[in-house]
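Overview (structure and organization)
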Amino acid sequence: MHVSLLLTVTLMFITRVSPEFGDNLGTCILQGDPQLPALFKDGDFVVGGAFTIHYYLRTEKHTYTRRPQPLVCSGSMDFRELRFARALQYAIQEINNSSDLLPGITLGYHIYDSCASVPMVMKVAVQLTNGLDLLFNDTGSCVKSAAVIALVGESGSTAAISTSRLFGRFGIPQVSHYATCACLSDKRQHPTFFRTIPSDHHQAAALAQMVKRFGWTWIGAVRSDSDYGNNGMASFLKAAEQEGICVEYSEAYYRTQPRSKLKRVADVIRRSTVHVIVAFMAAGDMRFLLEELSQQPPPPLQWIGSEAWVTDPQMLRFNLCIGAVGFAIPRSVIPGFRNFLLDMSPEQALNFSLLTEFWESSFSCSLKRQTGSSADMPACDGRENLRALQNPYTDTSQLRITNMVYKATYAIAHALHGIICNKKQCDKNIKVEPWQVFYQLKQVNFIKNNYSVSFDTNGDPVATYELVNWQLQGDGSVDFVTVGQYDASKPKGQEFSLSKSIIWYDGSEKVPVSVCSESCPPGTRKAVRKGRPICCYDCINCADGEISNETDSLDCLRCLPQYWPNNEKDKCFPKPVEFLSWDEILGTMLAAFSIAGSLAAFSITLVFYKNRASPIVRANNSELSFMLLFSLTLCFLCSLTFIGRPTEWSCMLRHTAFGITFVLCISCVLGKTIVVLMAFKATIPGSNVMKCFGPLQQRFSVFGFTLIQILICVLWLTISPPVPYNNMQHYKEKIILECSLGSAIGFWAVLGYIGLLAFLCFVLAFLARKLPDNFNEAKFITFSMLIFCAVWITFVPAYVSSPGKFTVAVEIFAILASSFGLILCIFAPKCFIIVFRPEQNTKKHLMGKIPTKAL
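First, a word on what this report is: a plain description of the structure on this page.

Criteria and cut-off values
- The residue count restarts for each chain, going from 1 along the sequence in the order it is written.
- Per-residue local features of the predicted model are confined to residues with pLDDT of at least 70, and side-chain atom pairs are confined, for both listing and counting, to 80 or more; whole-chain, interface and lining totals are unaffected and use all residues.
- Side-chain measures here rest on the full set of heavy atoms in the structure, leaving out hydrogens and waters.
- Disulfides are defined in this document as cysteine sulfur pairs within 2.5 Å.
- Helix and strand definitions here come from DSSP, where helices need a minimum of 4 consecutive H or I residues and strands a minimum of 2 consecutive E residues; each element is numbered from the N-terminal end.
- In short, DSSP must find at least two bridges between two strands for them to pair.
- Only residues whose relative accessible area exceeds 30% and that form no salt bridge are eligible for patches; like-charged ones are grouped when within 9 Å, while nonpolar side chains (Val, Leu, Ile, Met, Phe, Trp, Tyr) are grouped when within 5 Å.
- The method behind every accessible area is Shrake-Rupley, applied with a 1.4 Å probe, and residues are considered shielded solely by the protein chains displayed.
- The salt bridge definition used is simple: a Lys or Arg side-chain nitrogen within 4 Å of an Asp or Glu carboxyl oxygen.
- Where helices are involved, their axes are fitted lines through C-alpha atoms of the stretch in contact, as for all axes, and angles between N-to-C directions lie from 0 to 180°.
- Note on contacts: a residue pair qualifies if any of its non-hydrogen atoms lie within 4.5 Å across the two residues.
- Orientation is classified from the angle alone, with under 35 degrees giving roughly parallel, over 145 giving roughly antiparallel, 65 to 115 giving roughly perpendicular, and any other angle giving oblique.
- Here a crossing is called left-handed whenever its near helix is offset anticlockwise from the far helix by less than a right angle, and right-handed whenever the offset is clockwise.
- Residues are grouped as follows: Ala, Val, Leu, Ile, Met, Phe, Trp, Tyr, Cys and Pro are nonpolar; Asp, Glu, Lys and Arg are charged; every other residue, Gly included, is polar.

Looking at the state of the cysteines
Following the criterion strictly, the structure yields nine disulfides and no others. There is a disulfide in this structure between C520 and C539, and the S-S distance comes to 2.0 Å. Taking the sign of the torsion about the S-S bond as the criterion, the disulfide between C520 and C539, at about -95°, is left-handed. Here C520 is found in the loop between β22 (496-498) and β23 (524-528), whereas its partner C539 is found in strand β24 (residues 537-541), with 19 residues between them in sequence.

Now the structure itself:
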């Protein structure tokens, strides 16, 4: 019933009543000519065979006024496909001679040439499905020959798909030797389809892995515009995308398409920037493409081939493909097969038109008994020697697909053996239905000539490939050299292995480069170019604080806060920790000035102590002077706490010591200023000012002012003390180890209090600057406070804006500058008189009774 939808060959049964016999006789009238087998042999059970021995179908223009001509294959013969067909013959001959497999059973075969044409494929398929063959019936009666139990074929995926859809509806198993389309593994669409060649799903994955392994990320792709090419390339492109491989172009061509399409595909290849091309093409399509490219050769290219053409001997004549690499079916050996191929006489060739054509094509002569032989060829004289021929038919050095035919035939025989044989006894009278063979094929598992044959649930074998390289030999010929293997049964990542060096298209062993953009070195990241594939990118340097330690990194990684990249930005190193250390010049100089200042204060103390009875010392309140010199010594020394690696104790000490010693210093200066004012007020008659600010009150005033600062510092240290702090905000590339203020209010309160006392002292000293005396100390205090205030006013913006360790240096400089200002302005003039002008160190001179110029 389903066949009626697809029949191209139809039988009409006309029943007539015979007066002589009085019963109904059936007469078969054939509406159309049957397709004759190219090779056939009768037997107890018949195996069908379909091969693409020719690639074209003779076409005609239909006028609808006469009967269409029979379908006839045309074009040159593919000797390699003829070898495949004869492998089926040879396998059946071996089986028929075997005492272990199907003993006593004769297998027959009907082998057809489908000529890569769907109409012919369907005609042959329907004919095999019906079991209809009028070839042996010359009586006109409705005699039906035995149906085939299974089919070996087709050679192409498109033909196999068409046949399988028909065979699947009738449960007829089909075992293909060359149809690799992954779509045929779908059991819903192709329930009775088996194959001895791996699915393109595995080949596509293998090709993608190989391309990835050799670092090719920018490739071109061409395919046959057929089920084989389109499905195979789709699987490859999907696998390639997962491997991060980009395709500049993907072009399709089929040999029956216009030549303009072929030229366009060739032009795309010539203009492309890729150096590697993956060709998922049938041998016939690839041949046309290479012929077109040969007319105007493109730059040297590395071809990656699929199994359909990469081991086809007829392709070796194209120098464009020297160095080509591709996966192929493993090479095999079939004992006795070569002798079988060569054991053909002219008489045997005349028995079948296909063999006749082969003979005449090979020897360019006409067999005399061949009707319709070409008249312009000389007659064959019987001296033709097949063993002297060198063509794909006689070449048995690369038995790859041939072995797939051999294994397919044996698989069908084993399935039949499981149905009709019990131990070593077989019953040829058992009626065998194709669906029984189908179920037996699922369980087939045997080894023949060291080759395992079995099928998985999808009807596919275990995928094993050889990696084949086209290598130029010493004699100038090109040979297929196995350089690696791919075994899908191995653990993931271990399927692909190399056993020999590959010789590439340039004749070297150095892997060619095919990338859209060069690899981005460590320290950079990839940035995809707008509107281009992901393999086309620019290399962008990692931003500050980021690294990339891999080639072709997509993103840069940010270093941890305490780390910073090296100049190459491929490693993170700990940031250098910076602080004002004793080792550096700035720290050493500041320490030297600090010690010099403290020594100067100590020296002045000694001078004052030695001359403590002198008028100039006594006139300036010697007790406050000694306290001031002591506080100045501490001021100089406290600057040393700012140098060196900050610790928790040093941070608390440096700021509190600075605040307290400076308040002590300013308190003493303030006391001296008040004493000067009081002294001159005391000269006014009736004034008791000095009684109110005597030595005791002076001590208490200094202690009181200092106590306030001590309380401020205690509160500061209690609430939020200064602590060591890694400052990573100011500099990106280094850490500033500094003392965090803890409480900014505490710090500025300390400075503010010092500033308040200094301002008060400055005002009082300024008021007393014109008091009469040859040595009015108020003048010098005014100058010293002027310097002090100027230093600390400029300190504030300098402190805030100075970076890193220079902040500490600014603070030390302010301490030293203000301390030196005090010691120079207040004590230097007195020391000068004591040491160099002792005649002025008298009470009379100090009271102004001796003229200045007299001195």
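Re the sheet that holds strand β29 (residues 577-578)
On the basis of which strands lie adjacent, the open sheet formed by three strands has the order β29-β31-β30 and mixed pairing. The open sheet has two free edges, formed respectively by β29 and β30 (723-727), since each of these has just one partner strand. Two elements, β30 and strand β31 (residues 735-740), share five bridges in a ladder whose sense is antiparallel. Directly across from N726, in β31, lies its bridge partner L737.

Considering a nonpolar patch on the surface
Taken together, the side chains of L696, F700, F703, L707, I710, L711 and V714 make up a nonpolar region of the molecular surface, amounting to roughly 660 Å² of accessible area. Within the secondary structure, F703 is located in helix α19 (residues 695-719).

A short note on the sheet that holds strand β14 (residues 302-305)
Two pairing modes exist for strands in a sheet, parallel and antiparallel, and in both the strands are linked by backbone hydrogen bonds. Taking strand neighbours across the sheet as the criterion, the eight strands line up as β12-β11-β13-β14-β15-β20-β21-β22 in an open arrangement whose pairing is mixed. Each edge of the open sheet carries a strand with a single partner, namely β12 (246-253) and β22. Sheet twist, expressed as the average angle between the axes of neighbouring strands with direction ignored, equals 25°. Here strand β13 (residues 276-280) runs beside β14; their pairing, made up of four bridges, is parallel. Paired with I277 across the strands is W303, a residue of β14. With respect to the sheet, helix α8 (residues 283-295) is in contact with β11 (218-224), β12, β13 and β14, its orientation differing from that of β14 by roughly 170°.

Let's talk about the packing of helix α16 (residues 622-638) against helix α22 (residues 805-836)
Running from N to C, α16 and α22 cross one another at 155°; their axes reach a closest spacing of 9 Å. Between α16 and α22, the crossing angle belongs to the class labelled roughly antiparallel. Remark: the crossing between α16 and α22 carries left-handed chirality. Across from S625, L628, L629, L632, C635, F636 and C638 in α16, the residues of α22 making contact are I815, L816, S819, F820, L822, I823, I826 and F827. Here the residues of the contact of α16 with α22 sort into 13 nonpolar, two polar and no charged.

What about the environment of L128?
Here L128 lies in helix α3 (residues 118-130). On a C-alpha basis, the gap between L128 and A147 in space is 6.6 Å, while along the polypeptide they are 19 residues apart. Contacts of L128, omitting those with residues within four sequence positions, involve Y112, V148, L151 and F167.

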